[in-house]
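As a plain string of letters, each chain reads:
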Amino acid sequence: SLWVFLLYSYTVSFLNNLGHFFLKTVHGQHCIWYGECGNSTKIPEKKLNCNYTGPPIPLPDQEGQDLLKVREPLVCCSRHFIVVCCDTQQLKTLKNNIQIPLQFLGRCPACFFNFMTLFCELTCSPRQSDFINSTDFSAFNKSTTNVYSVTYYISLTFANAMYNACSDVQAPSTNVKALSTLCGREASQCTPTNWIQYMFDINNGQVPFAINPNFTDVPIGGMTPMNNETFNCTQSLDDGSGPCSCQDCSAACGPTPVVPPVPPPWTILGLDAMTVIMWCSYIAFLMIFLGAVLGAWCYRMVTSEYGPILDSNQSHSINSDGDATCCETLGERFENCLRVLFSSWGSMCVRHPLTVILTSVVLVSICSAGLTYMRITTSPVELWSSPSSRARQEKDYFDQHFGPFFRTEQLIITTPVNASFIFSPTSGGPDIHFSSILNITLLHQVLDLQTEITNLTAEYKGETVTLKDICLSPLAPYNDNCTILSVLNYYQNSHEILDREIADEFLVYFDYHTHFMYCVSSPTALDDTSPMHEACMGTFGGPVFPWLALGGYEGTAYNNATALVITFPVNNYLNDTEKLGKALAWEKVFIDFVKNYDNPNLTISFSAERSIEDEIDRESNSDVTTIVISYVIMFVYISLALGHINSFRTVLVDSKISLGIAGILIVLSSVACSLGIFSYIGIPLTLIVIEVIPFLVLAVGVDNIFIIVQTYQRDERMPEEELHQQIGRILGEVAPSMFLSSFSETVAFFLGALSSMPAVRTFSLFAGLAVFIDFLLQISCFVSLLGLDIKRQEANRPDILCCVKLSEGQQGKSEGCLFRFFKKIYAPFILKDWVRPLVVAVFVGMLSFSIAVVNKVEIGLDQKLSMPDDSYMLDYFGNLSEYLHTGAPVYFVVEDGHDYKTIEGQNAVCGGVGCNNNSLVQQIYTASLLTNYTKISNVPSSWLDDYFDWVKPQSSCCRYYNYTGAFCNASVVDKTCVHCRHMTTTGKQRPNGTEFMHFLPWFLSDIPNIKCGKGGHAAYSTAVDLIENNTDVGATYFMSYHSILKTSSDFIDALKMARELTDNITQAIGPQNKTYSVFPYSVFYVFYEQYLTIIYDTAFNLGVSLVAIFVVSTVLLGFELWSAVLVSFTIAMILVNMFGVMWLWDISLNAVSLVNLVMCCGISVEFCSHIVRAFSVSTKSSRVDRAEEALAHMGSSVFSGITLTKFGGILILALSKSQIFQIFYFRMYLSIVLLGAAHGLIFLPVLLSYAGKPQYLF
């Protein structure tokens, strides 16, 4: 029937379809190989697979089944495999071959699963014939052939998925991505296709036969591309493995962190706000002030009397009753007491000159004897960093736990030769431009230079010192080659390898160009995959990263580098002076050699670890002549200017050269006493103390000398008054003013010693004591000498030749020219009614300008400025900024106390699977994504993450001898070596507790090799401080790099951001109720930490000094509070104006300039206090008259004693070879003297004429 016919038809059709399906399935389970046969001709130690076209078969033994189904990393191969196309030996070979990828990619389970799928399908898939086609064979024996070449059809979708899951995986020990090691090029240049092509390249030194990948998403020629299931890095695997960490999978990180916006500049109407505010304030002040002056002038015209503002000529106080207050009465009594005390003291010194002088000499000699214990600190660390500062304590902590940071000897080599050329690869691809410095002829010359340096020898205490005795050898004692970071290490520092090439009579196929291009892309490679099979790793066993050995290129175009950088790291020593001495001796020979090296084709800038300190010492010695000339000019001026020549006939008698020399010796004696006393105590000197304090004390001391001598010269001896009484009376008049200035400066300096900056603190201590001793010697020894000199003059004996007595001549006194100028011309002019408002307007304008720019003064000290003009270090610093492409290493130190043996403690630090999102490693990684903001350029090297990879049971790294229990390196072939941990659920987890500590010392001593690249000896031998007999972990560090830092602000920002980062890390790892923390350390932190608080330190030091001056002035001016306010206000104006000068003259704010500002505070007292005190004791009736008298009498002494004395000496400093002298001494000293003189001799008298305290008559 029809129904039966239809049923039959459907049955036949079904059976046919079933048959086709069966046949297709049988065809799909067809192998292309099975088992291993002959050896590879390319890599003889590796086997080729046997040609086999039969069906897949089950594994024949339990070992193979365990490898496939139980033991990772091959367990992923068993997901769909019941029968396979590989035997047990092939599985063993696969397991051995994927050890390095396992160690690098195993951090990300999804990545490694996809990676293993690629190789499992290739090796064992029962469907091999679907996507693998054998294309070439070689004979093994009569019945068997080897598979010598295959084409592997891979889905482009699969390749992309595998690459995407692995592209972010990090290699912690090298601070780079894992693909940089596994892709044969830099990770940024790696793509899905060229990665797989590199792994299957027969020339990569690992593949025994050709595997040609063909990428397609559609079937080609009957071949269906392999497109197995993949996992992305954010997915968990079926075996329970979690998603990859953020560090290894950017997709797991969430939104990319955003750099905080830079605060916009403070503006008003588009202009700088401070400028606008100060302009408006200045204009408002001028309007009010000039209005008041004009109103007073109108009032005077009407009343013919001065108003209150211009000060009336009334003889009484503005108080109607004329009664003085209690403070004024007390002040008058205090003034009388000082006058009587100093008068009596001066009289005694003149009456007993020899006793006073001898006593002074003895005391000075005793104090100065302390100079035999003098120590001069030239160490930059001791000079700029306080032992109690955070950076110094962190440096000491780092040095004690990990050893000091290595010493660095570095060359930066360029060439004037135009030898650039174009290289055309024979393998195809675009032409490559090579810069001149990479010309092979020049490379040979550089290698000769490098070899000569490595062969240098030095002598130290009769011993010969070579570079090998002191150099850094990370793999010692197994490999004692010195670390040399140089592109020549790509060629194993060998001329033969540099010249090696593979060529025929027509073309060069492989040579130093191809090797260079390969090594800069994959510096960790042990084989360049060319027929030359040369390694890129250096002879010392580590990689030479191109950004450390090349300079002057853009992006990653290393072939365009215009400079070679050669670095010789040398061991540093904390407390071993013998070994440190050897290093210093070799460095000296290194410096001398490079200085004298001559090659017209090479331009070399260089530096050794000792270079900066050596150049600072040389700078100080070279400037001795300049300083001596400067002081000689000041000494000659003082000796000549003290004398008051009445006539040419009496010039020899009136001269006071000997008294001037005596005064200078007193000044120098006070400095020697100060240095000696503190040397007794054990406080070391600094170069700043030696260079600045004599200048300061000379300014203070000479001013007082001029005041005493010139006051006597203008004084007439009263009837019946003897010489000792006259000098006593004169001293009673001027000594309170001298005491006011000296004591104010002493207190201000001693309070300045509260500063945390060593340079400022030391200067303040020495300066304060020197100024006070100088005052004591002046009112005792100098007064006695003055009495003797006056007796000589009165006896008509010539100066110096005092034993000769000249014929009697008429003795008379006349006013000096300078005094007459001040009294008759200058003082009346400055205090004219129309001049005073102009003076106020100009000085307030200067003040307004300075306030407007005070926040614009740069902070920091360019290291170039610390070098002499002719220093070789200037070229080095310039090239350092121009050519280098990476910053200094930065270490993130976890102090002793963190528990690494617990899962919680591990998760708080590590960066792999299961680690906290805010762990230490993860936070540093996130910071490295914002390089321009955080100044962190690389992901950190993490010993903890590498240790976890090293100890995995799937890895061949952690093994031990079964019988002895001793560690067995992965390169050892011994059947008694067994894995540290079993392939169990527990074994695959991280080690913790005692197990964590049991294997850690092995990891830290393991030398990395081709079987295990995770050995920690090279990268981490000093990164972990094992304590308590290796039973616990103490302090550890995680290293990264700063970005390129060129200016002081870059270094300051880097330190600031690193500390902010570690503060966040400390808070995140949660050391609750614990004393440890995380801190950053880099070699430059101790020098730049001062700039984090320099603004506060400046405000504190200058503020304390002003307060001290105010308090002392209040007391010593007879409790005249208002006069002390005027002194302090004028000094504050000088300081603010100094900041204006610093901005105009490009003088940055740092410890040197802060010392000068503190000194400015002290010298300004000399310019101001004498004028104010003379004003306060004047008996003139009006403010204008009192100001004029004070300016006339004290102005000439101040002008001749400080201004003229210093001016000549300062001008000589401009000739100094030292840039630091030219900028921070010549420019600042000149500014201090000119601003001090201008304010003390122009502005202050005008201010007193307007706002000085009125005179009271009792």
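Details of the structure are given in the entry above.
Only a predicted model underlies this, so the values are computations on that prediction, with no experimental measurement involved.

**Student:** Help me understand the side chain of Ser-679, please; the structure alone is not making it clear to me.
**Tutor:** By the secondary structure assignment, Ser-679 is in helix α24 (residues 657-681). Judged by relative accessible area, Ser-679 falls into the buried class, the value being 4%.

**Student:** Any chance you could explain the sheet that holds strand β19 (residues 563-570) here in plain terms?
**Tutor:** The strands making up a sheet associate through hydrogen bonds between their backbones, and the pairing can be parallel or antiparallel. One open sheet holds the 4 strands; their spatial order is β18-β19-β11-β20, and the pairing between them is antiparallel. Looking at the sheet topology across the chains shown, the edges are occupied by β18 (550-551) and β20 (603-607). Bridge count between strand β11 (residues 407-414) and β19: 7 bridges; the pairing is antiparallel. Residue pairing across strands places Glu-409 opposite Phe-568, the latter belonging to β19. Across the sheet, helix α20 (residues 577-596) touches β11, β19 and β20, and the angle it forms with β11 is around 15°. Together, β11, β18, β19 and β20 form the strand contacts of helix α30 (residues 872-883), whose direction differs from that of β20 by roughly 100°.

**Student:** Is there a simple way to explain the state of the cysteines in this structure?
**Tutor:** Among covalent bonds in proteins, the disulfide is the one between the sulfur atoms of two cysteines. Counted according to the given criterion, the structure contains 14 disulfides. The disulfide partner of Cys-111 is Cys-166, and the gap between their sulfur atoms is 1.9 Å. With the S-S bond torsion at 105°, the cross-link from Cys-111 to Cys-166 turns out right-handed. Placement of Cys-111 in helix α5 (residues 109-124) and of Cys-166 in helix α7 (residues 156-166) is noted, with a sequence separation of 55 residues between them. Each member of the pair, Cys-111 together with Cys-166, is buried. Here Cys-957 pairs with Cys-1012 through a disulfide, and the sulfurs are 2.0 Å apart. Between Cys-957 and Cys-1012, the disulfide has an S-S torsion of 110° and is therefore right-handed.

**Student:** Could you clarify how one ought to interpret helix α14 (residues 390-402) in this entry?
**Tutor:** Because each turn of an α-helix spans 3.6 residues, side chains separated by three or four positions in sequence point in the same direction. Taking 1.5 Å of rise per residue, 13 residues should cover 18 Å, and α14 covers 18 Å from first to last C-alpha, within 8% of that figure. Regarding α14, the residues found buried are Ala-391, Arg-392, Glu-394, Lys-395, Tyr-397, Phe-398, Asp-399 and Phe-402. Residue Gly-403 follows α14 closely and has a positive phi angle near 90°.

**Student:** Looking at this model, I keep getting lost on α20. Mind explaining?
**Tutor:** In a regular helix each residue adds 1.5 Å, so 20 residues correspond to 28 Å; α20 covers 28 Å between its end C-alpha atoms and thus fits that length. Here α20 has its buried residues at Gly-581, Ala-583, Ala-585, Trp-586, Glu-587, Phe-590, Ile-591, Phe-593 and Val-594. Where α20 begins, the capping side chain belongs to Asp-576, and its oxygen is found 3.2 Å from the backbone nitrogen of Glu-578.

**Student:** Would you explain the pattern of salt bridges in this entry?
**Tutor:** Pairs can form between side chains of opposite charge whenever their charged atoms are close. Inspection of the entire model under this criterion finds 29 salt bridges. For Arg-127, the salt bridge identified is with Glu-121, shortest N-O distance 3.9 Å. Residue classification places Glu-121 among the buried positions, given a relative accessible area of 5%. Overlapping salt bridges bring together Arg-390, Glu-394, Arg-1059 and Glu-1089 as one network.

**Student:** What am I meant to see in the packing of helix α29 (residues 835-853) against helix α40 (residues 1121-1144) here?
**Tutor:** Packed helix pairs are characterised by how far apart their axes lie and by the angle those axes make with each other. The N-to-C vectors of α29 and α40 enclose an angle of 60°; their axes lie 8 Å apart at closest approach. As judged from the angle between their axes, α29 and α40 are oblique. Taken as a pair, α29 and α40 cross one another with a handedness that is left-handed. On α40, the residues touching Phe-843, Met-846, Leu-847, Phe-849, Ser-850, Ile-851 and Val-853 of α29 are Met-1133, Val-1136, Asn-1137, Gly-1140, Trp-1143 and Leu-1144.

**Student:** In this structure, what is going on with a nonpolar patch on the surface? I would like to understand it.
**Tutor:** Side chains of Val-362, Leu-363, Ile-366, Tyr-373, Tyr-680 and Ile-681 sit close together on the surface and give an oily, nonpolar patch of about 650 Å² of accessible area. Those elements giving two or more residues to the nonpolar patch turn out to be α12 (353-368) and α24. Here the element with the most residues in the nonpolar patch is α12; it accounts for 3 residues. Counting through the fold element by element, Ile-366 comes out in helix α12.

**Student:** Quick question: what am I supposed to make of the packing of aromatic side chains here?
**Tutor:** Given two aromatic rings, their pairing is described by the distance between the two centres and the angle made by the two planes. Enumeration over the complete set of coordinates arrives at 67 aromatic pairs. Look at Phe-849 and Trp-1143: their rings are 5.9 Å apart centre to centre, the planes differ by 65°, and that puts the pair in the edge-to-face class. One end of the pair, Phe-849, is in helix α29; the other, Trp-1143, is in helix α40, with 294 residues separating them in the sequence. Over the face of the ring belonging to Phe-104 we find Lys-1014, whose NZ or CZ atom lies 5.0 Å from the ring centre.

**Student:** It is not clear to me how unusual backbone geometry should be interpreted in this structure. Could you clarify?
**Tutor:** Negative phi values dominate among residues other than glycine, just as trans dominates among peptide bonds. Cis geometry marks the peptide bond from Ala-476 to Pro-477; its omega dihedral reads 5°. For Pro-477, the location among the structural elements is in the loop between α16 (467-470) and α17 (495-499). Positive phi, normally seen in glycine, also occurs at Glu-1028, with a value near 50°. Position of Glu-1028 relative to the elements: it lies in the loop between β25 (1024-1027) and β26 (1032-1041). Phi at Asp-1146 is positive, roughly 55°, even though this residue is not glycine.

**Student:** Would you mind going over the environment of Thr-1036 with me for this structure?
**Tutor:** Mapped onto the secondary structure, Thr-1036 falls in strand β26. The buried category is assigned to Thr-1036, whose relative accessible area is 0%. Taking the C-alpha atoms as reference points, Thr-1036 and His-898, 138 residues apart in sequence, are found 9.4 Å from one another. Leaving out residues up to four positions away in the same chain, Thr-1036 has contacts with Phe-402, Phe-892, Val-893, Val-894, Tyr-900, Trp-943, Ala-1023 and Val-1024. Only 2.7 Å separates the side chain of Thr-1036 from the side chain of Tyr-900, close enough to count as a polar contact.

**Student:** Sorry, what's going on with the environment of Trp-33 here?
**Tutor:** Looking at where Trp-33 falls in the secondary structure, it is placed in strand β1 (residues 33-39). For the pair formed by Trp-33 and Pro-56, sequence separation is 23 residues and the distance between their alpha carbons is 9.5 Å. Contacts of Trp-33, omitting those with residues within four sequence positions, involve Asn-49, Cys-50, Asn-51, Tyr-52, Cys-85, Gln-90, Leu-122, Thr-123, Gln-128, Val-147, Val-150 and Phe-209. A polar contact of 3.1 Å, which involves the side chain of Trp-33, links it to the backbone oxygen of Thr-123.

Calculation notes
Residues numbered from 1 in each chain as written. Predicted model: local features only at pLDDT ≥ 70, side-chain atom pairs only at ≥ 80, totals over all residues. Heavy atoms only, no water. Helix = DSSP H or I, 4+ residues; strand = E, 2+ residues; numbered from the N terminus. Buried < 20%, exposed > 50% of the residue type's maximum accessible area, 1.4 Å probe, protein only. Pairing = 2+ DSSP bridges. Contact = heavy atoms within 4.5 Å. Axes fitted to C-alpha atoms, helices over the stretch in contact; angles between N-to-C directions. Disulfide = S-S within 2.5 Å. Expected span 1.5 Å × (residues − 1). Polar contact = N/O pair within 3.5 Å; in protein donor to acceptor, adjacent residues only side chain to side chain. Salt bridge = Lys/Arg side-chain N within 4 Å of Asp/Glu carboxyl O. Parallel < 35°, antiparallel > 145°, perpendicular 65-115°, else oblique. Left-handed = near helix turned anticlockwise from the far one by under 90°. Patch = residues over 30% accessible without salt bridge, like charges linked within 9 Å, V, L, I, M, F, W, Y side chains within 5 Å. Areas by Shrake-Rupley, 256 points an atom, 1.4 Å probe, with all protein chains shown as cover. Phe/Tyr/Trp six-rings, centres within 6.5 Å; stacked < 30°, edge-to-face > 60°. Lys NZ or Arg CZ within 6 Å of the ring centre and 35° of its normal.

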